[in-house]
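Listed here are the chains, written in short residue letters.
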Amino acid sequence: MDRVRKVMISGQPVDARPVAAALGGRSVVLVGMMGAGKTSVGKRLAAKLGLPFVDADAEIEAGAQLTILEIFERFGEAYFREGERKVIARLLNSGPQVLATGGGAFMNKSTRDTIAAHGVSIWLKPDVEVLLARVRKKSNRPLLQTDDPEKTLRRLLDERLSTYALADITIESRDGPHDVVVEMALSRLAGALCGPAAAGVSERRKVEVPLGHRAYSILIGPGVIDEAGAEIMRIAPGAKCAIVTDANVAPLYLGRLTASLDKAGLRSSPIVCPPGEATKSYAEFARVSDALIEARIERRDIIVALGGGVIGDLTGFCAASLRRGVRFVQVPTTLLSQVDSSVGGKTGINSPHGKNLVGAFHQPVLVLADSSSLDTLSAREFRAGYAEVIKYGLIGDRKFFDFLEARWREVFSGGPARAEAIAVSCAAKASVVAADETEQGERALLNLGHTFGHALESLTRYDSARLVHGEGVAIGMAAAFRFSRRLGICSGQDAVRVEAHLKTAGLPTRIRDIPGLDASAEDILSAMRQDKKVERERLTFILAKGIGESFIARDVAEAAVIAFLKEDLQPRPD
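Residues numbered from 1 in each chain as written. Predicted model: local features only at pLDDT ≥ 70, side-chain atom pairs only at ≥ 80, totals over all residues. Heavy atoms only, no water.

**Overview of the packing of helix 4 (residues 56–64) against helix 6 (residues 77–92)**
The angle between the axes and the distance between the axes are what describe a pair of packed helices.
At step 1: Across the interface, helix 4 lies against helix 6 with an axial gap of 10 Å and an inter-helix angle of 110°. As the angle between them shows, helix 4 and helix 6 are arranged roughly perpendicular. Viewed along their axes, helix 4 and helix 6 form a crossing whose handedness is right-handed. On the side of helix 4, the interface is formed by Ala56, Asp57, Glu59 and Ile60, while helix 6 contributes Phe80, Glu84, Val87, Ile88, Arg90 and Leu91. (Axes fitted to C-alpha atoms, helices over the stretch in contact; angles between N-to-C directions. Helix = DSSP H or I, 4+ residues; strand = E, 2+ residues; numbered from the N terminus. Parallel < 35°, antiparallel > 145°, perpendicular 65-115°, else oblique. Left-handed = near helix turned anticlockwise from the far one by under 90°. Contact = heavy atoms within 4.5 Å.)

Laid out in structure tokens, this is it:
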């Protein structure tokens, strides 16, 4: 597959010499939580770039003749932070280097400003499980001297996440060889400092959705939010814009999007919704629709959906309904929305009876998928979106699944591999949508895993603390392959392989993986009957003959479904 071969280039070593030259006397500053690997990665990165390596904590300890823990115990955290600020400022004023900072250093605005003035910041962002495994090996972490270090670490990570995301570059640092992380860092530095060509592969992609006079483009890559104004101006010169977003996304991207629209001479007004699945409701649909009317949005104006799948679905339905159809633009900020819900025109809200039961088909006029926005996602959110990426390989592209098995870590870490995975996923969906826009046939394949997944979401009452959509889809896809194997349709080897990759990526694969769910086979079947794909009370499943060979199975016998669910719910060792 040509797309896969292109991405393979991203695994080639990056020439560090032009990167070092492009730094122009600036430093590379590594930030992130304790245990993120800043020292180990920093030493290797410094050697590649031909720069000295400095550990800020080691400098502080040498100057004070005390350990960090002793400084905390004797003088307190405030005293330490002020000394840390001064040491980092002194180091960055002393010439170019690779500097590893302490976990809390980047929280200080003065320190962030100093780093911005003298260097390029890189956030090493590992999973919390990786952090826990690493910090357990050392007992000298002053902030973890608590009764519950794991709870403390999770709290610190939650508190610091949005600030770490202000770094120039984010690297998803998995539990693997540090040299791999170093190559990722060099690739991202090359792309940022020398242009995409220096990184080996361009991170920009464009996918077309061919729907005749309603055709539209999907632009994918880092920084496309900042180009929104120019892109919207091309298709809607002089239009008024309304931006619908949520309270989590607004602080991160609303300012940048508004500035881009202002620069293009496009007036805009924001409408901010509460975050979470509960926002896809009748009440919020009415509130947002009224706000759009009050903003005097007319049929030739533009409504912009800035956020994840919830905001995209709600905004699209409002756009479809307002004045019987207003143009809208999708600016998806989660992996799940970039590869799935923002493309294809499905819009809607939930009913107490089930998910997405009220809605309309209404295509966007443009999709802007800024891959760098994914750097601010939690590890759980990113994994949930990755389930939808895997789906495209399982439906009809075995080579893409092979690629994901081999390169999933690069997709998680960012750069060209991530942009390519998003582009392949969007292209796959665009192809299906072009052939069957309103889901009369082939488009139903995109619901692989969703019959199971939607039922499970309904049974948890859409409680995201227990189950988010992508996790439901992951469990559903694994279940669909196990069900296919039980029916004698799919080989056991493929079913096991699918479940193994989902597990490797950190996704749940069994119904019993859902915390606190006490549902019987009959309960799950009853929830399935409310699925929007049910026709004349007949269940529709997407089953598989193998990886890349999914098909639509209509009128599946309920007795077979019940028998499978009862078997699947039985506890067993993994």
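**Here we look at the packing of aromatic side chains**
A ring pair, where both rings are aromatic, is described by two values, the distance of the centres and the angle of the planes.
At step 1: Summed over all chains, the structure comprises twelve aromatic pairs.
At step 2: With a centroid separation of 6.1 Å and 20° between ring planes, the pair formed by Phe400 and Phe403 is classed as stacked. With Phe400 and Phe403 both in helix 17 (residues 398–413), this residue pair falls three residues apart, about one helical turn.
At step 3: Overall, the relative accessible area of 1% leaves Phe400 in the buried class.
At step 4: By way of ring pairs, the aromatic residues Phe382, Tyr386, Trp408 and Phe412 are connected into one cluster.
At step 5: Sitting over the ring of Tyr392, Lys391 keeps its end group 5.0 Å from the ring centre.
At step 6: Seen from the ring of Phe551, Lys545 lies directly overhead, with NZ or CZ sitting 5.7 Å from the centre. (Phe/Tyr/Trp six-rings, centres within 6.5 Å; stacked < 30°, edge-to-face > 60°. Buried < 20%, exposed > 50% of the residue type's maximum accessible area, 1.4 Å probe, protein only. Lys NZ or Arg CZ within 6 Å of the ring centre and 35° of its normal.)

**Considering the side chain of Gln330**
At step 1: Turning to its location among the elements, Gln330 is positioned in strand 11 (residues 327–332).
At step 2: Its relative accessible area of 4% is what places Gln330 among the buried residues.
At step 3: Residues within four places of Gln330 in sequence aside, it is in contact with Ala305, Gly312, Ser341, Ser342, Pro364, Leu366, Val367 and Leu368.

**Points about the pattern of salt bridges**
When their charged atoms lie close together, side chains carrying opposite charge are able to pair.
At step 1: This model, assessed by the stated rule, comprises 36 salt bridges.
At step 2: One salt bridge connects Arg85 with Glu82, and the closest N-O pair in it is separated by 2.6 Å. Here Glu82 and Arg85 lie together in helix 6, a separation of three residues that amounts to about one turn.
At step 3: In this structure, the salt-bridge partner of Arg510 is Glu499, at a minimum N-O distance of 3.1 Å. One end of the pair, Arg510, is in the loop between helix 21 (492–504) and helix 22 (521–528); the other, Glu499, is in helix 21, and eleven residues separate them in sequence.
At step 4: Its relative accessible area of 8% is what places Arg510 among the buried residues.
At step 5: Residue Glu499 is classed as buried on the basis of its relative accessible area, which comes to 9%.
At step 6: A single salt-bridge network, built from bridges that share partners, covers Glu277, Lys280, Asp313, Lys355 and Glu457. (Salt bridge = Lys/Arg side-chain N within 4 Å of Asp/Glu carboxyl O.)

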